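# Topology and contacts: notes
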Amino acid sequence: MPVQQGSHPLDNPAYAALNGPHARFAERQGRVVRYQLDVSPWLGLPDAPEAADWADLAALAGPGVEVPLPGVRVALPEGWEVTFDMEGVQLVDDGVAAAPDPEAVRLGADDVPEMLDLVERTQPGPFLPRTVELGTYLGIRRGGALVAMAGERLRPPGWTEISAVCTDPGHRGEGLASRLVLAVADGIRSRGETPFLHTSARNTEAIRLYESLGFRLRSRTRFLSARVPVGGGG
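### Describing the overall build of the protein
Helix and strand counts for the protein come out as 5 helices and 11 strands. By the compact-globule yardstick of 17 Å for 234 residues, the protein fits well, its C-alpha radius of gyration being 18 Å. Along the first, second and third principal axes, the C-alpha atoms of the protein reach 55 × 35 × 35 Å. Buried residues in the protein amount to 50% of all 234 residues. Of all intrachain contacts in the protein linking residues separated by at least 6 positions in sequence, the fraction that spans at least 24 positions is 71%. Carbon and sulfur atoms form 50% of the exposed surface of the protein, whose accessible area is close to 10600 Å².

### Section: the side chain of arginine 222
In this fold, arginine 222 is placed in strand E11 (residues 215-227). You can call arginine 222 buried: its relative accessible area is 17%. Of note is the side chain of arginine 222, whose polar atom sits 2.9 Å from the side chain of aspartate 85. Among all residues touching arginine 222, those that are not within four sequence positions of it are Leu69, Pro70, Gly71, Val72, Arg73, Asp85, Met86, Glu87 and Gly88.

### A look at the sheet that holds strand E2 (residues 32-35)
Within a sheet, neighbouring strands are paired by backbone hydrogen bonds and run either parallel or antiparallel to one another. Taking strand neighbours across the sheet as the criterion, the 3 strands line up as E1-E2-E3 in an open arrangement whose pairing is antiparallel. With one partner strand each, in any of the chains shown, strand E1 (26-29) and strand E3 (43-44) form the two edges of the open sheet. The sheet contact formed by E2 and E3 spans 2 bridges and is antiparallel. The residue bridging valine 33 from the neighbouring strand is glycine 44, located in E3. Packed onto the sheet, helix H2 (residues 51-61) meets E1, E2 and E3 and runs at close to 35 degrees relative to E2.

### A look at the nonpolar core
Judged by nonpolar contacts, the single largest core of 25 residues is most densely connected at Ile162, Leu180, Tyr210 and Phe215. Put simply, the parts of the chain that give this core at least two residues each are strand E5 (81-93), strand E7 (137-142), strand E8 (145-152), helix H4 (176-190) and helix H5 (204-213). Per-element tally for this core: the top contributor is H4, with 8 residues. Among the nonpolar cores identified, the runner-up in size contains 17 residues, and Ala26, Val33, Trp42 and Leu134 belong to it.

### A closer look at the pairing of E8
Counting buried residues in E8 gives 7 out of 8 residues, a clear majority hidden from the surface. As defined by bridge partners, E7 adjoins E8 across 6 bridges and the pair is classed as antiparallel. Across the sheet, residue arginine 142 finds its bridge partner in E8, namely alanine 145. Relative to strand E9 (residues 159-167), E8 runs antiparallel, the two sharing 4 bridges. Paired with glycine 151 across the bridge in E9 is serine 163.

### Focus: the confidence of the model for the protein
Averaged over the protein, the pLDDT score is 94; the fraction of residues at 70 or greater is 96%. With pLDDT under 50 throughout, residues 1-6 is counted as low confidence; its partners more than four residues away or in other chains account for 11 contacts.

### A closer look at the side chain of asparagine 12
Tracing the chain through its elements places asparagine 12 in the segment before helix H1 (13-18). For asparagine 12, a relative accessible area of 10% gives the class buried. In terms of polar contacts, asparagine 12 uses its side chain to reach the backbone carbonyl oxygen of leucine 45, at 2.7 Å. Separated by 2.9 Å, the side chains of asparagine 12 and aspartate 47 make a polar contact. Ignoring anything within four residues of it in the chain, the contact list for asparagine 12 reads Leu45, Pro46 and Asp47.

Conventions used here
Residues numbered from 1 in each chain as written. Predicted model: local features only at pLDDT ≥ 70, side-chain atom pairs only at ≥ 80, totals over all residues. Heavy atoms only, no water. Helix = DSSP H or I, 4+ residues; strand = E, 2+ residues; numbered from the N terminus. Rg over C-alpha atoms; globule rule 2.2 N^0.38 Å. Buried < 20%, exposed > 50% of the residue type's maximum accessible area, 1.4 Å probe, protein only. Contact = heavy atoms within 4.5 Å. Areas by Shrake-Rupley, 256 points an atom, 1.4 Å probe, with all protein chains shown as cover. Polar contact = N/O pair within 3.5 Å; in protein donor to acceptor, adjacent residues only side chain to side chain. Pairing = 2+ DSSP bridges. Axes fitted to C-alpha atoms, helices over the stretch in contact; angles between N-to-C directions. Core = buried A, V, L, I, M, F, W, Y, C linked by side-chain atoms within 4.5 Å. pLDDT = per-residue confidence, 0-100.

Rendered as structure tokens:
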């Protein structure tokens, strides 16, 4: 099912990705799409969801289940309980000095336990057992241990999101995150796509870092989660 005509892929990136390059990871109910639950918690609603879409989301998720609603700014139907609400920003490549990094190594399925451990200690955002399948993930090791990583998540047509940027607390201040972001961006650029990323609007330190690397603010967004009504979501 194509994304609505006139919608920019980055205005609704999960929906665009799941109806495009990431369609193989999609689970569908009507016009609602979500990633397989061990891949990513992200899901996509149409730009202007109707009552039938909310009912389909409720049927797909199940009663009482908490679901992420990234970017949704319309009023939620009656009975949907907001459980998380945070303002975010979306930044896009505007002259990033992308370059490979000689110390960065490609991470794969065998590295997932270490990746999950690093994510647990640094909390960069959701990372699940199969998230590594979404794209290229790069890491830097010190003494054999994984101490920093970054990789690719959402992939709307023509774009790829850089995500899971994290560094072990004992190695912060060494510039590892910046190096990995530039290396991941280089891989994205090499296939003719443009890097973008998201972060909290309150994370001014991260925003300054990304802007110093050549990203610019494209838009403000909203990271929202809500609980499906027990009696249905229509």
